[in-house]
Amino acid sequence: MKHYRAHLLVCAGTGCVSCGAFKIKEALEREIRKRKLQDEILVIATGCNGFCERGPILMVHPDGVFYQQLTLEDIPFLVEEHLIKGRPVKKLMYIPPAEKDPIPRMKDIEFFKHQRLVVLRNRGRIDPEKIEEYIAFDGYEALAKALAKMKPEDIVAEITASGLRGRGGAGFPTGKKWAAGHAAKGSPKYIICNGDEGDPGAFMDRSVLEADPHAVLEGMIIGARAIGAEKGFVYIRHEYPLALKRMAIAIDQARDYGLLGEDILGTGFAFDLEIVTGAGAFVSGEETALIASVEGRIAMPRQRPPFPAQKGLWGKPTVINNVETWATVPNIILRGAKWFSGLGTKTSKGTKIFSLVGKINNTGLVEVPMGITLRDIVYGIGGGIPDGREFKAVQIGGPSGGCLPAKLLDLPIDYESLTEVGAMMGSGGMIVMDDKTCMVDIAKYFLNFLRDESCGKCVSCREGTQRMWEIVKKITEGTGTEADLALLEEVARTCKDASLCGLGQTAANPVLTTLQYFRHEYEAHVLDKRCPAGVCKALIRYVVVAEKCTGCQSCKNACPTQAIKGTLKDVHLIDQTKCIKCGACQEACRFEAIEARREEAIAIV
Amino acid sequence: MITFRMNGLEVSAEEGWTVLEAARFYGLEIPTLCYYEGLSPYGGCRLCVVEIGHGPKSKLVSSCTYPVEPGLVVRTDTKRVIAARKMMIELMVSVAPSSKVLQDLASQFGVTKVRFEPRREECILCGRCVRMCAEQMDGKAIGFQQRGYKKKISTPFDLKSAECRLCGGCIYVCPVCQLRCQGPKAETVLCNGCLAMDPTCLDHYEDLQCWMYDAGRCGTCVREKTGSRP
């Protein structure tokens, strides 16, 4: 094997790729060849680092120096300075918000410092398209251990002892599921990896599949051995082309290495995998709907029992786990249940990946031990709210999760405490909102998503989400009444109560939690016809605050309808007859001179 | 035989029965809508929900799809169950106000007011027609399309289906259009509501012997209106 004095690890997750990571990689390679360093320095494309906001990202190994937001013009200078002259380039390093000095090393950056990488241990350090690199970091060792030294019962017992719970949302104990699959009579048995991640703003599974597909594979082969399955399916949604590609490569490589197929590692155990591309429905993530989708039918959930572990794919015992759950398995087998259960809280063990998005300084993907508080994530790892604004709420668990207010910031994150306050772990989406967010508008947004994504089977969910959306829409338009509020709550409770699957049962959560924690905002819309956050278009009008306006004209230039009048250095005016309330002027103004005010409260300009 | 508790009574049922079948066997009435004897249970209308389990862990399930299990505790008419049924009826009536079946259910459950804006879609997507076509008529000419609020029932690509033999089975089992078309008792009950349905009979069965052909030219409802039917 060839040795290099430095490795340049270019992040090639979807986030960085979309802002040009592959071009950066090509430019680096070109520059290195130009300077004849190709025998000393190797450029590698790795999986997602999680710090997507700062992409494209480059890590220089072994120095551990972290470069961010690179452009093609930076590359020659970077190679010259860092790799030839040995002077790390300060101007390309990460500078924390509200600070002046850059932080050179990745491990010192707040965003990375507090994370505990178990599932994502290989992110940003291996090339996910090379099985050799995975193997070099103890890859497939757990499989060897499971096949050679453990009986299937032992594997199930180990997973049960670890306390691992499903990472897809509901948190069902994985060991229990496997034990049911192991005990179920019927042949053949199947296992499925659920990679149909559809929450808006969540990309945990995608990142795992892109950064470390072999970890998922290894977990699945171990699981197959444990329950006695001979065939498995990896269900990945069509919208994740890079994940699909890397998984296909990983499966081919594993077959070449004898880790899939007949007689795996010479133990006589046979197992093979197939990729199924999802057809694009959010509800396919529900396990019975996913099974229907694999079978080629419409993704519509069905009644459980019978549970898939008894009667699943084509009526045969089937164990379905989420991507993250499968990827956790090799760690448990290799390092032991005791090690794993040492992480986390009493009922929720191990680590969990969250995608931290919204109004937060450090947007990205984080893996943290269970039991960490929301405050640690939002203010520690996340670096707080941009522009010094105030934290208002965090939406956890995707569209069917809940919005939690500031008073719950010290809540430890585990399955039970989240469910108790009306939210849920979900797959791990975390959307942070500041005081400029209208909670009624947020409820409307999620209801709009859900009324579209409901499979349409149950009246309670199909009609329920549609009717809730209609009511909330009415409220945001200022025509809601108190009776509407009561009706909204009633429909929400029935939707939660009477629906068949997880989607319907949780579809009301955005409404119920916002009603519980932000009722005053609903009341402001209904009773005072006022949107406190200044978001709902029908209830606001934009005005220029004369004392603050400097007459810089940037609002005038930003206005798409030429509704703003005023000459340079004079106070501007907004012509309300032309204004379409798009808010572009407010965004353009650097002096906070444009305010959204209550519609009736303003005299006609 | 499986023994379990239903409304406080110890009952037994045969393995493979659903809660609904067991309840009916014991004479307990559970309202149903998407359920139709001879068709596979669907569990979509949520009218047949019953409460199972105890205390905070109790939940509502559709009795037409839930299999009986040893030790199961079922209650068919709790406050929670009735509240859910009433809301289901209200939601369904709001999209199909002229269905006699739904109107009857509404009066049976004391749902007197629809608080939602009526949509007059005249289809509650119970899927009876789809199952009838596939399971009894071996046709599979119609099926569900789309999802969520855009969901509808139609033939593939909304074209005339080669599989359809115009047997009328779909219309026969429809809880929304069937009764109205067979001959409403009162003049005030609308008869041509099915025109708004997907699939509309007219688009697909033109010139053929559909018994709703030309909204009554076949005579079924016209005769009724003139009172010629006994």
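What you see is a predicted model; the values in this text were computed from it and never measured. (Residues numbered from 1 in each chain as written. Chains lettered and ligands numbered in written order. Predicted model: local features only at pLDDT ≥ 70, side-chain atom pairs only at ≥ 80, totals over all residues. Heavy atoms only, no water.)

What follows deals with the overall build of chain B. Helices and strands together make up the secondary structure of chain B, namely eight helices and seven strands. Residues classed as buried in chain B amount to 51% of the 230 residues present. (Helix = DSSP H or I, 4+ residues; strand = E, 2+ residues; numbered from the N terminus. Buried < 20%, exposed > 50% of the residue type's maximum accessible area, 1.4 Å probe, protein only.)

Helix and strand counts for chain A come out as 24 helices and 18 strands. Computed over its C-alpha atoms, the radius of gyration of chain A comes to 26 Å, within 12% of the 25 Å expected for a compact globule of 605 residues. Based on the C-alpha atoms only, the size of chain A along its principal axes is roughly 85 × 65 × 40 Å. Each of the 605 residues in chain A was classed as buried or not, and the buried ones make up 60%. Sequence separation of at least 24 residues holds for 70% of the intrachain contacts in chain A that already meet a minimum separation of 6. (Rg over C-alpha atoms; globule rule 2.2 N^0.38 Å. Contact = heavy atoms within 4.5 Å.)

All right, on to the sheet that holds strand β2 (residues 41-46) of chain A then. Residues and elements named next belong to chain A. If you walk across this open sheet you meet the four strands as β2-β1-β3-β4, and the pairing is mixed. On the outer flanks of this sheet lie β2 and β4 (65-67), each paired with one strand and no other. In this sheet, adjacent strand axes meet at a mean angle of 20° when their direction is disregarded. Here strand β3 (residues 58-61) runs beside β4; their pairing, made up of three bridges, is antiparallel. Bridging from a neighbouring strand, V60 pairs with V65 of β4. (Pairing = 2+ DSSP bridges. Axes fitted to C-alpha atoms, helices over the stretch in contact; angles between N-to-C directions.)

Residues and elements named next belong to chain A. Residues L28, Y67, W178, V216 and L404 are the most contacted members of the largest nonpolar core, which totals 134 residues. Looking at this core element by element, the count peaks at nine residues for helix α10 (residues 213-227). In contact with L28, other than residues within four places in its own chain, are L8, V10, V43, L58, I75, L78 and V79. (Core = buried A, V, L, I, M, F, W, Y, C linked by side-chain atoms within 4.5 Å.)

A few words now on the side chain of A:E324. Residue and element names in this part refer to chain A. Within the secondary structure, E324 is located in helix α13 (residues 323-335). Judged by relative accessible area, which is 1%, E324 ranks as buried. One polar contact links the side chain of E324 to the main-chain amide nitrogen of I353, over a distance of 3.0 Å. Excluding anything up to four places from it in sequence, E324 contacts V119, R167, M204, D205, T351, K352, I353 and S427. (Polar contact = N/O pair within 3.5 Å; in protein donor to acceptor, adjacent residues only side chain to side chain.)

Evaluation of the coordinates by the stated rule reveals 18 aromatic pairs over all chains. Taking 5.7 Å as the distance between ring centres and 35° as the angle between the ring planes, the aromatic pair formed by A:W178 and A:W326 counts as tilted. Linking A:W178 in helix α8 (residues 174-183) with A:W326 in helix α13, this pair joins segments that are 148 residues apart in sequence. With a relative accessible area of 0%, A:W178 lands in the buried category. Its relative accessible area of 0% is what places A:W326 among the buried residues. Centre to centre, the rings of A:F233 and A:W314 are 6.1 Å apart; their planes meet at 65°, and the pair counts as edge-to-face. Here the residue A:F233 occupies a position in strand β6 (residues 231-237), and A:W314 occupies one in the loop between α12 (287-294) and β9 (318-322), the gap between them amounting to 81 residues. Residue class for A:W314 comes out partly exposed when judged on its relative accessible area of 45%. Ring-pair connections join several aromatic residues into one group, and the members of that group are A:F51, A:F66, A:Y94, A:F111 and A:F112. Cation over ring: A:R237 sits above A:Y240, and NZ or CZ is 5.2 Å from the ring centre. The aromatic ring of B:Y42 is capped on one face by A:K457, whose charged end is 4.9 Å from the ring centroid. (Phe/Tyr/Trp six-rings, centres within 6.5 Å; stacked < 30°, edge-to-face > 60°. Lys NZ or Arg CZ within 6 Å of the ring centre and 35° of its normal.)

The next subject is the side chain of A:R237. Tracing the chain through its elements places A:R237 in strand β6. If we ignore the near neighbours within four places in the chain, the residues touching A:R237 are A:G195, A:D196, A:E197, A:G198, A:L244 and A:G278.

Attention now goes to the sheet that holds strand β3 (residues 49-52) of chain B. Residue and element names in this part refer to chain B. The five strands are arranged β2-β1-β5-β3-β4 in an open sheet whose pairing can be described as mixed. The sheet is open, and its two borders are formed by β2 (9-13) and β4 (59-62), each paired with just one other strand. Between one strand axis and the next, the sheet turns by 40° as a mean value, whatever way the strands run. Of the strand pairs in this sheet, strand β1 (residues 2-6) and strand β5 (residues 73-75) are connected by two bridges, and their pairing is parallel. The partner of R5 across the bridge, within β5, is V73. Of the strands in this sheet, β3, β4 and β5 are in contact with helix α2 (residues 79-95), which crosses β3 at around 155°.

For the rest of this paragraph, the subject is the interface of chain A and chain B. Between chain A and chain B, the residue contacts involve 32 residues of the former and 33 residues of the latter. Taken together, chain A and chain B are joined by six salt bridges. A salt bridge links B:R119 to A:E470, with the shortest nitrogen-to-oxygen separation between them at 3.6 Å. In this assembly, chain A and chain B are joined by 17 residue pairs in polar contact (both at pLDDT 80 or more). If you tally residues by element for the side of chain A that touches chain B, the top one is helix α18 (residues 459-476) of chain A, at nine residues. Each residue belonging to the side of chain A that touches chain B can be placed in one class, and the counts come to twelve nonpolar, nine polar and eleven charged. (Salt bridge = Lys/Arg side-chain N within 4 Å of Asp/Glu carboxyl O. Nonpolar A, V, L, I, M, F, W, Y, C, P; charged D, E, K, R; others polar.)

This brings us to the pairing of strand β8 (residues 269-278) of chain A. Residue and element names in this part refer to chain A. Summarising the sheet, β6 and β8 pair through seven bridges and their orientation is parallel. Bridging from a neighbouring strand, K231 pairs with D272 of β8. In this structure, the hairpin formed by strand β7 (residues 261-264) and β8 is closed by a connection of four residues, where L265 is found at a positive phi of approximately 50°.

A few words on the pattern of salt bridges. Summed over all chains, the structure comprises 50 salt bridges over all chains. Measuring nitrogen to oxygen at the nearest pair gives 3.2 Å for the salt bridge that ties B:R85 to B:D77. According to the relative accessible area criterion, B:R85 is buried, its value standing at 0%. Residues B:R115 and B:E90 are paired through a salt bridge, measuring 2.9 Å at the closest nitrogen-oxygen approach. With B:R115 in the loop between α3 (100-109) and α4 (128-136) and B:E90 in helix α2, the pair connects residues that are 25 residues apart, well separated along the chain. Among the residues examined, B:E90 registers a relative accessible area of 4% and is labelled buried. Each member of the salt-bridge network shares a partner with another, and the members are A:E31, A:K34, A:R35, A:E80, A:E81, A:K85 and A:R87.

As a further point, take the packing of helix α6 (residues 141-149) of chain A against α13(A). Residue and element names in this part refer to chain A. It is at 8 Å that the axes of α6 and α13 come closest, and there the two elements cross at 65°. As for how α6 packs across α13, the hand of that crossing is left-handed. Between α6, through E141, A142, K145 and A146, and α13, the contact on the second element is made entirely by P330, I333 and L334. (Left-handed = near helix turned anticlockwise from the far one by under 90°.)

Before going further, it helps to examine the packing of helix α19 (residues 482-498) of chain A against α2(B). Closest axis-to-axis distance for the α19(A)/α2(B) pair is 10 Å, and the angle between their directions is 110°. The angle between α19(A) and α2(B) places the two elements in the roughly perpendicular class. α19(A) and α2(B) meet at a crossing whose hand is left-handed. Side by side, α19(A) and α2(B) meet where A:L487, A:E490, A:V491, A:T494, A:D497 and A:A498 of the first sit next to B:R80, B:A84, B:M87 and B:M88 of the second. Per-class residue counts for the contact of α19(A) with α2(B) are six nonpolar, one polar and three charged. (Parallel < 35°, antiparallel > 145°, perpendicular 65-115°, else oblique.)

Residues and elements named next belong to chain B. Listed in full, the buried residues belonging to α4 are R128, C129, V130, R131, M132 and C133. Looking at the buried residues of α4, the elements they touch are β6 (143-145), β7 (152-154) and α5 (169-173). Remark: D138 follows α4 within two positions and exhibits a positive phi of approximately 55°.

A few words on the environment of A:S293. All names here are of chain A. With respect to the element layout, S293 can be found in helix α12. Residue class for S293 comes out buried when judged on its relative accessible area of 15%. For S293, the side chain forms a polar contact with the side chain of Y235, separated by 2.6 Å.

Purely geometric numbers; function is a separate question.
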